Amino acid sequence: MTIPRGHAVMLALGIVVLFDVLRVFLPSLITLFGRAGETPAELMGLYAAAWFILPFLALLSKPRHALVAGAAGLVAARLLLQAGVSQLYVSSAGVTAGLILLYGCACTVPRRAVPVGIMGGIALSSLVHLLLDGVDLAWQEGPLPWAATLALCLALFLALLSAPRAEEGAPAPARIWFLFGPTLLLAGMAATSWAKPEQGPEPLGTLALSWGLLALTLVAATAAALGPATAPLIELGLGIALIAITVVSHLPGAGVPGLSIGFLGSMLAAAGSGPAGRRQGPALLGGGLVFLVGVFAYYAAYDLDLRVPNSVVPVAVSVLVAAVAVVPRLVRDPPVQLSARRRTVPAAAAVALVLVPLVVAVAWQPVPAVAAKRSDDVTLIAYNIRMGFGLDGRLSLDRIASWAAAQRPDIVLLSEVDRGWLLNGGHDDLDRIARGLGMRHYFAPAADNVWGDALLTNLPVKSVRSYELGRHGYPTGAQAQAVVVEVNGRELGVVNTHLQAPTGQAPEVAAIVRDLAASRPVILAGDLNTTPADPEMGVLLAAGLSDPLKALGDPPTSPADRPVKRIDHVLISAGLTAVSAQVPRLPYSDHLPVLTTLRLTSVDQEG
């Protein structure tokens, strides 16, 4: 049997546009509804839940009406987001409209189009995200992003109009629609949240292996969703493999991208092969709630003590997916073939042959040459970038890189660097900023594999080490990155940190500074969450540091829109003096950057 292409394309494009909106909606909860780390996670969760519960009102409408109204609302929201209009509320309404569109699909799309439509939409969205280097069209300005957005929205409407209104065969089982939400969660995390190499840019071979593997996995998952369903025992083995790989991928330092995605297509094919049943629409909306609860349960662990590791969440969701897809097949489902597989492998291979080189070419950047410093002056930037989101809630990575590059820095220190959290849209902040600066980067994981601090420099680097700091009752992890660079033939130590619990962590950082300063001048910089008058600052200064910004105006750094306190610092040991310091009023984060020029004054640190 053939797949109804019109319905499959309509479903896939609807998911692509919805995922676009979700990548704006989720970070807007933190940057616009509240401030990162300050607004209670429970309050953000209630706000988000409202927009996932509203689509249940579609149960009162006719499916075709829900389909058309949802598509119109989703397209309108997507176009308004491209125009930068009311980002928080437009993206919120867009999520509701997208779920209403999918509710209409659940009630009208025939079974043979559903597995490939769901998996194809998720895979296509993820591949486009990769090809855009993680900066989605919604964050880009100019005629080309607008043209691409208009083309996507027009394609969705044309697919809606061209899909036959009469049903072509039995509807899909309710459980495959329920699996949309969990599948979106697992695929969304797996496609961006793997641990990237701490030192970069990556060599071409390493990058081709990781990004190429991810592209291949997305194509393979879509091919697997084409069906037909395999024997129940084989599906059981695939379900167990999905769970096992999800467990492994959330171990510390796990750096294999997206392998679990390859099994999701098979799970969807299995779930779509059983008896049709009823209540497909409520099942879809229930799965959407699973997505929301999973996202918040996972990421709330960085603000709340959940008493269990947050890696339990994706593992539990993978168990849910495997159980819903496979268990009914083992118990009672007769096999129902969705389509012929004869042309699947050659077609998938042809698509992969084109996509893999494209993805690798977009991701690759040449490794900058090491540049020896022939002067005693060092220009340093310390900036808490709030995952790259500005005061207007828009992704500002390119603006940050452009401003920083204009300062011609020797060293850039970044805090709150996100390298792939789904909650923040799945961006690799460090890779994008390093590309704009043309600098090598050194990442120090703190909260998890893809969230922490980073140092960027093209100076010769003698050593790099990250020290895990104690949590002291605070759920978000912290580290101190100790780096030794060479400046004009002499060593300079740099300690880059973002203190989360200054009372307990300041003494730990002070000990690191003392050790590093035993044979070289040292800079301690970053978001210390400490004002010059706090006792914790006294602990740091007692390690042999001084605060040069006090004599240079003592400029406040937080909050960026109305700064009243200085919690971002550049502290220096003997052997260094501050030539200049400023805190530019930039809207690219909720903190202001500290820009300093420092001068090495002696080797023996005596003055």
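For the structure, see preceding data.
A quick note: this is a predicted structure, and the numbers were derived from the prediction, not measured.

Engineer: What's the story with the side chain of Asp136 in this structure? I'm lost.
Structural biologist: Relative to the helices and strands, Asp136 is located in the loop between α5 (114–131) and α6 (143–162). We classify Asp136 as buried; its relative accessible area is 5%. Ignoring any residue separated from it by four or fewer positions in sequence, one finds Asp136 in contact with Arg23, His129, Gly425 and His427.

Engineer: I would appreciate a short explanation of the state of the cysteines in the present structure.
Structural biologist: By definition, a disulfide links the sulfur atoms of two cysteine residues through a covalent bond. A complete count under the given rule lists 0 disulfides for this structure. With no disulfide of its own, Cys107 lies closest to Cys105 among cysteine sulfurs, the gap being 9.4 Å. With relative accessibility at 21%, the residue Cys107 sits in the partly exposed group. Sulfur of Cys153: no disulfide; nearest cysteine sulfur belongs to Cys105 and is 15 Å away.

Engineer: Looking at this structure, how should I read the sheet that holds strand β3 (residues 411–418)?
Structural biologist: Strands pair in a sheet through their backbones, by hydrogen bonds, and they do so in one of two ways: parallel or antiparallel. The 7 strands are arranged β1-β4-β5-β3-β2-β13-β12 in an open sheet whose pairing can be described as mixed. The strands lining the two open edges of the sheet, one partner per strand, are β1 (199–200) and β12 (576–582). As paired strands, strand β4 (residues 440–448) and strand β5 (residues 451–457) are joined by 7 bridges and run antiparallel to one another. Across the sheet, Tyr442 pairs through a bridge with Leu455, a residue of β5.

Engineer: I'm lost on a nonpolar patch on the surface in this one. Help?
Structural biologist: Nonpolar side chains collect at one region of the surface, where Leu233, Leu236, Ile240, Val327, Leu330 and Val331 lie side by side and expose about 560 Å² of accessible area between them. Of all elements in the fold, only α10 (232–249) and α13 (312–331) reach the threshold of two or more residues within the nonpolar patch. Looking at the element boundaries, Val327 is found in helix α13.

Engineer: Explanation requested: the nonpolar core in the structure shown.
Structural biologist: Side chains that are nonpolar tend, in soluble globular proteins, to be buried together. Phe25, Ile118 and Trp177 are the most contacted members of the largest nonpolar core, which has 144 residues in total. Among the elements that make up this core, the one with the highest residue count is helix α1 (residues 5–33) (16 residues). Excluding residues that lie within four positions of it along the chain, Trp177 makes contacts with Leu11, Leu102, Cys105, Ala106, Val109, Val114, Ile118, Ala172, Gln280, Ala283 and Leu284. One finds Val378, Ile572, Leu592 and Leu598 within the second-largest nonpolar core, a separate group that totals 25 residues.

Engineer: Help me understand the packing of aromatic side chains, please; the structure alone is not making it clear to me.
Structural biologist: Tallied over the entire structure, the rule returns 13 aromatic pairs. Measuring from ring centre to ring centre gives 6.3 Å for Phe25 and Phe52, while their planes differ by 50 degrees; the resulting arrangement is tilted. Here Phe52 lies in helix α2 (residues 41–53) and Phe25 lies in helix α1, a separation of 27 residues in the sequence. For the pair Phe25 and Phe52, a shared accessibility class is recorded, and that class is buried. A ring pair is formed by Trp194 and Trp211, whose centres lie 5.9 Å apart and whose planes are at 80 degrees; its orientation type is edge-to-face. Here Trp194, found in the loop between α8 (180–190) and β1, pairs with Trp211, found in helix α9 (residues 204–225); they are 17 residues apart in sequence, far enough to count as distant. Through successive ring pairs, a cluster of aromatic residues spans Tyr298, Tyr299, Tyr302, Trp421 and Trp451. Between Arg23 and the ring centre of Phe19, over which it is positioned, the NZ or CZ distance is 3.9 Å. Residue placement shows Lys196 over the ring face of Trp194; its charged tip is 4.3 Å from the ring centre.

Engineer: What is the right way to look at the sheet that holds strand β8 (residues 490–497) in this model?
Structural biologist: Within the open sheet, the 6 strands sit side by side as β6-β7-β8-β9-β11-β10. Their pairing is mixed. Edge positions in the sheet fall to β6 (461–468) and β10 (545–546), since each of these pairs with one other strand and no more. With respect to the sheet, helix α17 (residues 502–516) is in contact with β6, β7 (479–487), β8, β9 (522–527) and β10, its orientation differing from that of β8 by roughly 170 degrees.

Engineer: Is there a simple way to think about the pairing of β4 in this case?
Structural biologist: Side-chain direction in a regular strand flips from residue to residue, so the side chains alternate between the two faces of the sheet. Within β4, 7 of the 9 residues are buried, which leaves the element mostly enclosed by the surrounding structure. Here β1 runs beside β4; their pairing, made up of 2 bridges, is antiparallel. Within the sheet, the bridge partner assigned to Gly200 lies in β4 and is His441. Between β4 and β5, which pair antiparallel in sequence order, lie 2 residues.

Engineer: Help me out: how do you make sense of the pairing of strand β2 (residues 377–384) in this one?
Structural biologist: Most of β2 sits out of view: 7 of its 8 residues are buried. Of the pairings in the sheet, the one linking β2 to strand β13 (residues 594–600) comprises 6 bridges and is antiparallel in character. Within the sheet, the bridge partner assigned to Asp377 lies in β13 and is Arg599. Here β2 pairs with β3 via 5 bridges, running parallel.

Engineer: Sorry, what's going on with unusual backbone geometry here?
Structural biologist: Trans peptide bonds make up most of the peptide bonds, and negative phi angles are found at most residues other than glycine. Looking along the chain, the bond that leaves Gly200 and enters Pro201 is cis, with omega of 5 degrees. The topology assignment puts Pro201 in the loop between β1 and α9. In the segment running from Ser558 into Pro559, the intervening peptide bond is cis, with an omega of -10 degrees. Even without being glycine, Asn488 reaches a positive phi, approximately 55 degrees. Inspection of the secondary structure puts Asn488 in the loop between β7 and β8.

Engineer: Looking at this model, I keep getting lost on the pattern of salt bridges. Mind explaining?
Structural biologist: Note that side chains of opposite charge can pair when their charged atoms are close. Counted according to the given criterion, the structure contains 17 salt bridges. In this structure, the salt-bridge partner of Asp547 is Arg566, at a minimum N-O distance of 2.9 Å. Of this pair, Asp547 sits in the loop between β10 and β11 (568–573) while Arg566 sits in the loop between β10 and β11, placing them 19 residues apart in sequence. Exposure class is identical for Asp547 and Arg566. Each is buried. For the salt bridge of Arg566 with Asp554, the shortest nitrogen-to-oxygen distance reads 2.6 Å. Taken together, the residues span a long stretch of sequence, with Arg566 in the loop between β10 and β11 and Asp554 in the loop between β10 and β11 at a distance of 12 residues. Taken together, the salt bridges that share partners define one network made up of Asp133, Asp398, Asp431, Arg432 and Arg435.

Engineer: How do you make sense of the environment of Leu289 when you look at a structure like this?
Structural biologist: Mapped onto the elements, Leu289 comes out in helix α12 (residues 280–299). Relative accessible area serves as the criterion here: at 26%, Leu289 is assigned to the partly exposed category. Each C-alpha atom, one on Leu289 and one on Leu414, is 35 Å from the other, the two residues being 125 residues apart in sequence. What Leu289 contacts, discounting residues up to four positions off in sequence, is Phe52, Ile53 and Phe56.

Engineer: Help me out: how do you make sense of the packing of helix α3 (residues 63–82) against α6 in this one?
Structural biologist: Each pair of packed helices can be described by the angle between their axes along with the distance between the axes. Taken N-terminus to C-terminus, the directions of α3 and α6 make an angle of 175 degrees; their axes are 10 Å apart at the nearest point. Considering the angle they form, α3 stands roughly antiparallel to α6. Taken together, the residues of α6 that come into contact with α3 (itself represented by Arg64, Leu67, Val68, Ala71, Ala72, Leu74, Val75, Arg78, Leu79 and Gln82) are Pro145, Trp146, Thr149, Leu150, Cys153, Leu156, Phe157 and Leu160. Partitioned by chemical class, the residues of the contact of α3 with α6 number 14 nonpolar, 2 polar and 2 charged.

Parameters at a glance
- Residues numbered from 1 in each chain as written.
- Predicted model: local features only at pLDDT ≥ 70, side-chain atom pairs only at ≥ 80, totals over all residues.
- Heavy atoms only, no water.
- Helix = DSSP H or I, 4+ residues; strand = E, 2+ residues; numbered from the N terminus.
- Buried < 20%, exposed > 50% of the residue type's maximum accessible area, 1.4 Å probe, protein only.
- Contact = heavy atoms within 4.5 Å.
- Disulfide = S-S within 2.5 Å.
- Pairing = 2+ DSSP bridges.
- Patch = residues over 30% accessible without salt bridge, like charges linked within 9 Å, V, L, I, M, F, W, Y side chains within 5 Å.
- Areas by Shrake-Rupley, 256 points an atom, 1.4 Å probe, with all protein chains shown as cover.
- Salt bridge = Lys/Arg side-chain N within 4 Å of Asp/Glu carboxyl O.
- Core = buried A, V, L, I, M, F, W, Y, C linked by side-chain atoms within 4.5 Å.
- Phe/Tyr/Trp six-rings, centres within 6.5 Å; stacked < 30°, edge-to-face > 60°.
- Lys NZ or Arg CZ within 6 Å of the ring centre and 35° of its normal.
- Axes fitted to C-alpha atoms, helices over the stretch in contact; angles between N-to-C directions.
- Parallel < 35°, antiparallel > 145°, perpendicular 65-115°, else oblique.
- Nonpolar A, V, L, I, M, F, W, Y, C, P; charged D, E, K, R; others polar.

Purely geometric stuff here, so don't read any function into it on its own.
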